[in-house]
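Geometric and topological summary
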Amino acid sequence: MADTKREIERKYESDESGLPDLTGVAGVAAVMDKGVAELDATYYDTVDTRLAAASITLRRRTGGSDAGWHLKFPVGPGVRDEIQAPLSDTLPRTLAGLVRSRVRDSDLVPVVRLRSARDVRDLLDADGRLLAEVSVDAVRAERLTEGGGTAQWSEIEVELADGGDPAFLDKVEKRLRKAGVRPSASPSKLARALADTAPKKKRRKEKQTPATAAPRTAGDHVLAYLRAQRDAIVELDPAVRRDVYDSVHRLRVATRRMRSAFRSYGKVLDRTVTDPIGDELKWLAGELGVDRDQEVLTERLTAALDELPRTLVSGPVRTRLRTWSHARRGGSRRRLIAVLDGKRYLALLETLDALIADPPLLAAAAGSPEKVIGKAVRKDFSRVSALVEEGLGLPSGHDRDVPLHEARKEAKRTRYSAESAVPALGDPAAALLNSMKSLQNLLGDHQDSVMAREALRELAQQAHAAGESAFTYGLLYGREEQRAAADEAELPGLWAEIKARTDSWVGGGGRRPR
């Protein structure tokens, strides 16, 4: 089993003077001496330190009150999520899975050993409640790879108590700064150890490594967008494994954005290379969404049922809805983790890395962003325009539902292409992005109504076959028809607004591009 906690802390440089008096910090009634703990931690990483490059730390530590395996993911400045597992000789499988998207098939090896003498103080309020733990750490670092360099230093660490107010750390910092203490230049002990014990040649090389240049060409902008989606997939993998709220949806969105970019920028990237990758991304999105679409539909039907007065609910409607929903579910957490641990998924991650490292650029990639990217976005919008115009010209019903459903998908694609174009094209792309969000939301609600009516028809047939009343399903069906009609009535006005805002840049459209 592994436990997770949110760690909020700040680190400071320390010298021989040790810890300043903190009794003057606002809210602190007492400073309790907890004694000195001897900590011995071995940090694990790949030989090329992929985890450290992503500000992720994985260690096995003995000594202190929380001996065991600790895996830390960055959340923000001074904030990390720490996943703890009991002390054992080998890395727990749970933690190994959480770093797999970074590690892949590489081995995790000991890279640094840190031995610390930790002098601990608890800051307490007037009621004896813990506000923060402050420690002075005398650290000895030993590099276990590349020559085995050593280093030692002293630092002050202030960790907020669980559930504490982060503003309290500002008060402590104010007191420390007044005493001449300054924030640490390193975000973590591991980062400092790696820097201070690196071979001298490697240190010089790292200092000379230039920052990533700002995008200039169309290809630069497209690759920056693709790189962001690749990074999102890798970074969200542990969150999906931990079942963090909305992580599956966000990972699906990243795969969709990348696929959309492949299609929109076919003049920039060779589609004979990107199309097979897009197919694999589509497979991954499908695996991630095995149950999600069903959940969304069930939530819609349940919410609609909740709005009905009890007198209009005839028969075991809720029970049938639950039974129907469970029967249509095809996924599970175990299945999803198996997908993320599988060779196909890991091969996809390697393929995405290779694509970013050696992109299949075409001649247009060297062109100006305004021309190349602008043309791609306008082409996407023209598809949306043609489909909306087609739908608006048809009578309400199945014939209209089909082009409006396709328009929803194209609106999503255009939204993503506009999103990717904002850094290059600025306000016009941002305006189109907002327009496509509005259109996608409206058409999405319309399509959800189409799917809800299909589900209600199926449920009514099942209820009738079982000798139950189908009255409530029919009533809900009628309400969904009204909702769809309202969406369709709103569409012409919204579409007119969108065209008025965007036609000066994207053009009228109307004919579907071939």
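Scroll up for the structure.
Below you will find a few notes about this structure. Bear in mind that the values here come from a model prediction, so they are computed numbers and not experimental data.

Here is what the cut-offs are and how they apply
- All residue numbers refer to positions counted from 1 along the written sequence of the respective chain.
- Under the rules for a predicted model, residues below a pLDDT of 70 receive no local features and side-chain atom pairs below 80 are neither given nor counted, while totals for whole chains, interfaces and linings still include all residues.
- Calculated side-chain values reflect all of the structure's heavy atoms, with hydrogen atoms and water omitted.
- By this definition, two strands are paired if DSSP reports at least two bridges between them.
- The helix and strand labels rest on DSSP assignments: H or I over at least four residues marks a helix, E over at least two residues marks a strand, and numbering proceeds from the N terminus.
- Note on geometry: axes are C-alpha line fits, over the in-contact stretch for helices, and angles between N-to-C directions span 0 to 180 degrees.
- Only heavy atoms matter for contacts: two residues are in contact if any of them lie within 4.5 Å across the pair.
- Definition used in this section: a nonpolar core is a set of buried Ala, Val, Leu, Ile, Met, Phe, Trp, Tyr and Cys residues joined via side-chain atoms within 4.5 Å.
- When a residue's accessible area, from a 1.4 Å probe over protein chains only, is under 20% of the maximum for its type it is buried; when over 50% it is exposed; and in between it is partly exposed.
- Note that the term roughly parallel is reserved for angles under 35 degrees, roughly antiparallel for angles over 145, roughly perpendicular for angles of 65 to 115, and oblique for everything else.
- In this classification, the charged set is Asp, Glu, Lys and Arg, the nonpolar set is Ala, Val, Leu, Ile, Met, Phe, Trp, Tyr, Cys and Pro, and all remaining amino acids, among them Gly, are polar.
- It is the directions from the helix axis to the C-beta atoms whose arc is reported.
- By definition here, a salt bridge exists when the distance from a side-chain nitrogen of Lys or Arg to a carboxyl oxygen of Asp or Glu is within 4 Å.

**Some points on the sheet that holds strand S3 (residues 57–62)**
One closed barrel holds the eight strands; their spatial order is S1-S5-S4-S3-S2-S6-S7-S8, and the pairing between them is antiparallel. Each adjacent strand pair in this sheet contributes to an overall mean axis angle of 35 degrees, direction not counted. Where strand S2 (residues 30–45) meets strand S6 (residues 109–124), 15 bridges bridge the pair, whose relative direction is antiparallel. From the neighbouring strand, Tyr44 faces S6, where its bridge partner is Pro110. The sheet strands contacting helix H4 (residues 167–178) are strand S1 (3–13), S6, strand S7 (130–143) and strand S8 (150–160), and the helix crosses S1 at an angle near 20 degrees.

**A closer look at the nonpolar core**
Within the largest apolar cluster, 64 residues are counted, with the highest numbers of intra-cluster contacts made by Leu226, Tyr265 and Leu439. Sorting elements by how many residues they give to this core places helix H7 (residues 218–241) first, with ten residues. Dropping the residues within four chain positions of it, Leu439 is found in contact with Val384, Val388, Ala411, Leu491, Leu494, Trp495 and Ile498. Grouped together as the second largest cluster of nonpolar side chains are 19 residues, Val25, Val79, Ile156 and Val172 included.

**Quick word on the packing of helix H10 (residues 292–306) against helix H11 (residues 317–327)**
Between H10 and H11, the shortest axis-to-axis distance is 11 Å and the interhelical angle comes to 175 degrees. Judged by the inter-axis angle, H10 sits roughly antiparallel to H11. Between H10 and H11, the contacting residues are Gln294, Leu297, Thr298, Leu301, Thr302, Leu305 and Asp306 on the first element and Val317, Arg318, Leu321, Trp324 and Ser325 on the second. Among the residues forming the contact of H10 with H11, the class breakdown is six nonpolar, four polar and two charged.

**Here's the deal with helix H12 (residues 333–341)**
Those residues of H12 that fall on the buried side of the exposure criterion are Leu336, Val339 and Leu340. The buried side chains of H12 occupy one side of the element, clustering within an arc of 95 degrees when seen end-on. In this structure, the buried residues of H12 make contact with H7, helix H8 (247–264), helix H9 (271–288) and helix H13 (343–357).

**Digging into unusual backbone geometry**
The residue Asp243 is not glycine, and still its phi comes out positive at about 60 degrees. Positive phi outside glycine occurs at Asp246, with the angle close to 70 degrees. By the secondary structure assignment, Asp246 is in the loop between H7 and H8.

**Remarks on the pattern of salt bridges**
Summed over the entire model, instances satisfying the criterion amount to 58 salt bridges. With a shortest N-O distance of 2.9 Å, Asp137 and Lys189 are connected by a salt bridge. With Asp137 in strand S7 and Lys189 in helix H5 (residues 189–197), this pair connects stretches of sequence that are 52 residues apart. Lys189 shares its class with Asp137; the two are buried.

**Considerations on the pairing of strand S5 (residues 79–85)**
Counting buried residues along S5, six of its seven residues qualify, which places the element largely inside the surrounding structure. Both S1 and S5 contribute to a ladder of six bridges, which runs antiparallel. Bridge pairing links Arg6 to Asp81 in S5. Relative to S5, strand S4 (residues 68–76) is paired through seven bridges, and the arrangement is antiparallel. In the strand pairing of S5, Gly76 is matched with Val79. In textbook terms, the turn of a hairpin is the stretch between consecutive antiparallel strands, and for S4 and S5 this stretch comprises two residues, one of which, Gly78, has a positive phi near 75 degrees.

The values reported here are purely geometric and, on their own, carry no functional implication.
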